[in-house]
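So you can see what is in the structure, the chains are spelled out below.
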Amino acid sequence: MRRVGILTGGGDCPGLNAVIQGVFVRACQYGYEVYGVEDGYKGLLYGKARKLTPKDIEDIYWLGGTILGTSRKNPAKSQEELKTIIENVKKLRLDALITIGGDDTLGAAKKLYDMGIPVVGVPKTIDNDLPLTDYSIGFWTAIETIADALGKLHTTARSHKRVMIAEIMGRYAGWLTLMGGLAGGAHIILIPEKPVDIDEVCRIIKQRRERGEPYTLIAVAEGVMVPTTGEIVTASTEKDEFGHVRLGGVSKVLEEEIKKRTGEEVRSVVLGHIQRGGIPSAYDRVLGIRLGFKAVDLVKEQKFGYVVVVKGVDIIPVKIDEVVGTIRKVPSELHEFTDVFTGLTVNHKS
Ligand code: F6P
């Protein structure tokens, strides 16, 4: 065991560089060299990798994004490309490949593992929708960003006595919207896992005004189904290499509907890629470094075909096939937290 490759795939997020630094430091302790693959599987397809030096990784743990670059390249789409990638792993003489990514990247890693590449996975996605890990890298930083944005929307919404709708990422899972909405005090939280009752939304808005709370902040997940059309709103019909359409626009649809039904002044804002940017939170820095260490420990033990995941305070290995192929949705036990801040409970008690 001498040369370890590392790549980041899929959407970027804060904390990826902390993983890279953790991998590098641990690898150095074991006397391994680390090769950084450029732009995820796209780079690997062209054999683009460079030997990382201490200078490359110095203090990157607090930098957002990924110093390696990333792409949404799906190598498993063509047998030809899979074969080229395997040849390149051999040409680069990589004894192991650490892939940091979400369901798409880890799904492709599983294919490579099945074809004989010694792979270890690290879970990354702000969506937090990977099974078997309590959290994935980037999630808690995105929550900080969302909470901060909602805090700012409160002050402008309150001043203008408006209904303000914030559209939050997360694809078909509501983790970002639920946790971000809770942290940011959203009065109404709409997640894909719980059907939207538009009458109830309008009732809360009206009731808040009648009770002297003339503004309402709504956090809506981009993957929420519009009750009036029964459809999820897409920003474009184009699909990426993994077959995903780009979601976006539900907040605008709700803006029109709520305006029509309540006569309130309504504004909507899409938080967008700001949620994936910026400096990782302390939690994501620490988590990233720990996941990086553990991934290299698995390489040392030659325990391939595993993903390192968070379970309570521990980092443990789980089989890659158990992590890929399904989306972890917000469980029903947590649905009751979607209307903690309606203000109605508080008024009712007083
Ligand atoms: O999966 C992470 C994510 O940020 C989703 O929440 C979002 O729908 C998607 O990526 C956006 O992808 P892109 O960066 O390709 O626009």
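For the structure, see preceding data.
Our subject in this report is the structure included herewith. (Residues numbered from 1 in each chain as written. Predicted model: local features only at pLDDT ≥ 70, side-chain atom pairs only at ≥ 80, totals over all residues. Heavy atoms only, no water.)

**Description of the sheet that holds strand 7 (residues 188-190)**
The strand order across the open sheet built from four strands is 7-8-6-13, with neighbouring strands paired in parallel fashion. Sheet topology places strand 7 and strand 13 (266-270) at the edges, where each strand pairs with a single neighbour. In this sheet, adjacent strand axes meet at a mean angle of 15° when their direction is disregarded. Against the sheet, helix 9 (residues 250-262) makes contact with strand 6 (163-168), strand 7, strand 8 (216-221) and strand 13, and its axis sits at roughly 175° relative to strand 13, the strand it touches most. (Pairing = 2+ DSSP bridges. Helix = DSSP H or I, 4+ residues; strand = E, 2+ residues; numbered from the N terminus. Axes fitted to C-alpha atoms, helices over the stretch in contact; angles between N-to-C directions. Contact = heavy atoms within 4.5 Å.)

**Section: helix 8 (residues 198-210)**
Taking 1.5 Å of rise per residue, the 13 residues of helix 8 would be expected to cover 18 Å, and the 18 Å separating its terminal C-alpha atoms lies within 8% of that figure. Those residues of helix 8 not exposed but buried are Ile-198, Val-201, Cys-202, Ile-204, Ile-205, Gln-207 and Arg-208. Structurally, the start of helix 8 carries an N-cap: the backbone nitrogen of Asp-199 is 3.2 Å from a side-chain oxygen of Asp-197. Of the residues one or two after helix 8, Gly-212 is the one with positive phi, at around 85°. (Expected span 1.5 Å × (residues − 1). Buried < 20%, exposed > 50% of the residue type's maximum accessible area, 1.4 Å probe, protein only. Polar contact = N/O pair within 3.5 Å; in protein donor to acceptor, adjacent residues only side chain to side chain.)

**Some details on the site of the ligand**
Arg-72, Ile-126, Asp-127, Met-169, Gly-170, Arg-171, Glu-222, Arg-246, His-273 and Arg-276 make up every residue found near the ligand. Interatomic distance of 2.6 Å between a side-chain N/O atom of Glu-222 and an oxygen atom of the ligand. Contact with the protein chains covers 83% of the free accessible surface of the ligand, which is 400 Å². (Near = heavy atom within 4 Å. Areas by Shrake-Rupley, 256 points an atom, 1.4 Å probe, with all protein chains shown as cover.)

Bear in mind that shape data such as this cannot, by itself, settle questions of function.
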